[in-house]
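Each chain, written out:
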Amino acid sequence: MNTRPEYPRPHFDRSERWLNLNGEWAFAREADSFAETIVVPFPWEHPDSGVIAHWLPTAWYRRQIERPADWAGERTILHFGAVHHHATVWVNGELAVEHVGGYLPFEADITDLLDASGRAELVVRVDAPVDKRFVPHGKQRSLPADDYDGCAFTPSSGIWQTVWLEPRPAAYISRLQLRPTETLDGIEVTLTGPSPVRIEIPGVAVREYDEWPGTAIVPIPQPRLWSPDDPHLYDVIVTAGQDTVRGYTGLRKVEWQGNNLAVNGAPTYVRGVLDQGFWPTGGHTAPSDEAFRRDLELAREAGFNLVRKHIKLEDPRWLYWADRLGMLVWAEPPSTGRFTAESVAAFEEVTAGMVARDGNHPSIVIWGGYNEEWGLDWDVPGDPAKQDAVRRAYRIIRDADPTRPVVDNSGWAHVETDLVDWHYYDENAGSWAAIVDRLVNTADGTFPVRLGPDFVAQKTIAAPGFDPTGKPQLNGEYGGGSTSVERGWHLRWQTQELRRHPLNAGYIYTELYDIEHETVGIYTYERRPKDLGGVVPSDVHADTVLIVDLVPQAPGRDLVLAGDGRSVAVPVRVSHHGRDPLLATLHWALDSASGSVPVDAKPFEVTDPFDVMVPSAPGRLMLWATDASGVVVARTAVDLAD
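Just so it is clear, the model here is predicted, and its values are computed rather than measured. (Residues numbered from 1 in each chain as written. Predicted model: local features only at pLDDT ≥ 70, side-chain atom pairs only at ≥ 80, totals over all residues. Heavy atoms only, no water.)

A. Structural detail: empty space enclosed by the protein. In total, this model carries three cavities of 30 Å³ or more according to the counting rule given. Residue lining of the largest cavity: Pro 8, Arg 9, His 11, Gly 81, Pro 105, Gln 161, Thr 162, Trp 164, Asp 315, Pro 316 and Arg 357, and that is the complete set. When its residues are assigned to classes, the lining of the largest cavity shows four nonpolar, four polar and three charged. (1 Å grid on protein atoms, 1.4 Å probe; cavity = no way out; pocket = protein on both sides within 12 Å on 5 of 7 lines; lining within 4 Å. Points joined across faces, edges and corners; volume = space filled by probe spheres on them. Nonpolar A, V, L, I, M, F, W, Y, C, P; charged D, E, K, R; others polar.)

Quick look at the structure:
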């Protein structure tokens, strides 16, 4: 069966010789009762697996494997991309490897466990605890339930990433870290492996070392930088002794300049979207490599330039496509559900593994740690031990990779962080605007968070002892509305409020697509567009947007007319995030009436308001701006009602 046939590890590539073990395996719910078949690598709860087994705590996999004849004389390595949660692997009845943790890869040298012909029976036992609260599991539902069960989904248990075999020599490359130099004119190569070492950047440079120093810089003449507009990648082929690995990276620098993220020194306003990494028939596992690419294309078509992969360590193929397509990424580890010494240690292990596995990807521009105190019992401000846990997570990431900004505890109660973000949901347009203004422009960092139908907690941006002054800040989650029309209405009006404030560095909209019972996406779970009441997401998330200076009443009733028959002044501002000043014309149309106003907008500033005088008549007022060549650069609308 041709199941997920693509090579699974593009950042550490030995794809010239490998054997994909995906496809049909024998499956048992009890040991030695292999009466079913499962399709690897799909979780056993989901249709693509062919099993659909819910709340199954333990299962067994079995298949026959055979080493290719031309691998004889080399070591045969068995690889697992990820297995949730505790995997025990036997080859021909002998224990090959045991691994705990559902998101990180692991491997075993099985050469000496194969029979004389290179064949073996491979058996995998997977323990997937029903009670997941004390292990990293993200949005997978638990029994007993997590505190955030209302926004959790069907679990993804068992083998959920590719399984494969590779040959390699006895002395081999075990680590390949690639980072751009500070001056973006070379690649810093760090590897663990035998000498001699040859490093080739095809068509660019070759370096050879009789004795490998551990780290070396390969200069790149006439460097071509990686950016969202030009996501250029450099292949790096490393031969150490008899082993060869291909990796890649891009030359780009990420830093915060004033209030904005800068990519290669260019200010970049973060127009981000939350993506939780679930698919209707596969749960955590995408149906195809093309599905990864399509999700990123859908995000871009909606106007987003960054994807926050929410509390999930995603399949490396998704990051590969983000690198190729130029989509910026905020990466973060899966959360636990309860605070114990063991759960914190497990979280820290997957956090360190995230940076080690994914640090070569140029698309990642922000690392995340905790999310909203999940796994910390929602009590960081009141417990120094939990503050210490947040601080440790930040430092684990920061020490491993000082080249990217780190968010310590996204949304609430920051302890030690490079970036201050806040999560705020509010379906009242007036209070939304007022609290956003207060959070962005004052030192008051408190805000209400609804944690249940009748439970509203006061949260704060800063934990005791942390001063957020001078830190760049942005919204880390927002959105509102129960229906698609309401979602579109809030998308338009809430986003314009975030754009109103130059001190705000960006936002993360919740979310890209629906998942199961959670219907707050721009797209359906099947990735189809939704009726958002005439709101076009790419207009809302454009470089240039029109800000209408009013507090809207309700969908279809943005501005309620006085009924005196006079013309109405509609105040408008322009937020422009292009690199050059914009000399534009604002146009308006209401039924048969129309007009225009000149606009002069400067980069990363918001203009003063100017009035658009329109007839006092019910209808949809269309507003759009064109640049000097007549190209439309911004659109919005206001519904006038009696």
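B. Region of interest: the layout of surface pockets. By volume, the largest pocket amounts to about 1200 Å³. Lining the largest pocket we find 36 residues, and of these Cys 151, Tyr 425, Val 449, Arg 450 and Leu 451 sit closest to its centre. Considering every element that reaches the lining of the largest pocket, the biggest residue donor is strand 29 (residues 446-452), with five residues. In this model, the second largest pocket occupies a volume close to 590 Å³. As for the second largest pocket, its lining consists of 27 residues, of which Phe 12, Ser 174, Arg 175, Ala 356 and Arg 357 are closest to the centre. For the lining of the second largest pocket, the element with the highest residue contribution is helix 3 (residues 341-358), accounting for five residues. (Helix = DSSP H or I, 4+ residues; strand = E, 2+ residues; numbered from the N terminus.)

C. Geometry of the sheet that holds strand 14 (residues 186-192). Pairing within the open sheet is antiparallel, and its three strands lie in the order 13-14-17. A strand with exactly one partner marks an edge of an open sheet, and here the two such strands are strand 13 (175-180) and strand 17 (215-219). With strand direction ignored, the average angle separating the axes of adjacent strands in the sheet is 25°. Bridging between strand 13 and strand 14 involves six bridges; their strand directions are antiparallel. Bridge assignment links Arg 179 to a residue of strand 14, and that residue is Glu 188. (Pairing = 2+ DSSP bridges. Axes fitted to C-alpha atoms, helices over the stretch in contact; angles between N-to-C directions.)

D. Quick peek at the packing of aromatic side chains. If you walk through the whole model with that rule in mind, you get 23 aromatic pairs. Judged by centre distance (4.8 Å) and plane angle (10°), the rings of Phe 80 and Phe 106 are stacked. Separated by 26 residues along the polypeptide, Phe 80 in strand 5 (residues 75-80) and Phe 106 in strand 9 (residues 106-109) bring together distant segments of the chain. In this structure Phe 80 comes out as buried when scored by relative accessible area, which is 1%. Chaining the aromatic ring pairs together yields one cluster made of Tyr 269, Tyr 424, Trp 432, Phe 447, Tyr 478, Tyr 507 and Tyr 509. (Phe/Tyr/Trp six-rings, centres within 6.5 Å; stacked < 30°, edge-to-face > 60°. Buried < 20%, exposed > 50% of the residue type's maximum accessible area, 1.4 Å probe, protein only.)

E. Representation of the nonpolar core within the structure. In terms of nonpolar packing, the biggest core is built from 95 residues, with Trp 422 and Phe 447 touching the most fellow members. One finds Trp 25, Ile 65, Phe 106 and Ile 110 within the second-largest nonpolar core, a separate group that totals 32 residues. (Core = buried A, V, L, I, M, F, W, Y, C linked by side-chain atoms within 4.5 Å.)

F. Main features of the pattern of salt bridges. Applying the stated criterion across every chain yields a total of 52 salt bridges. A salt bridge links Asp 639 to Arg 620, with the shortest nitrogen-to-oxygen separation between them at 2.7 Å. With a gap of 19 residues between them, Asp 639 in strand 41 (residues 632-641) and Arg 620 in strand 40 (residues 619-626) connect regions that are remote in the sequence. With relative accessibility at 9%, the residue Asp 639 sits in the buried group. For Arg 620, a relative accessible area of 34% gives the class partly exposed. Linked by salt bridges that have partners in common, Arg 9, Arg 14, Glu 166 and Asp 243 make up one network. (Salt bridge = Lys/Arg side-chain N within 4 Å of Asp/Glu carboxyl O.)

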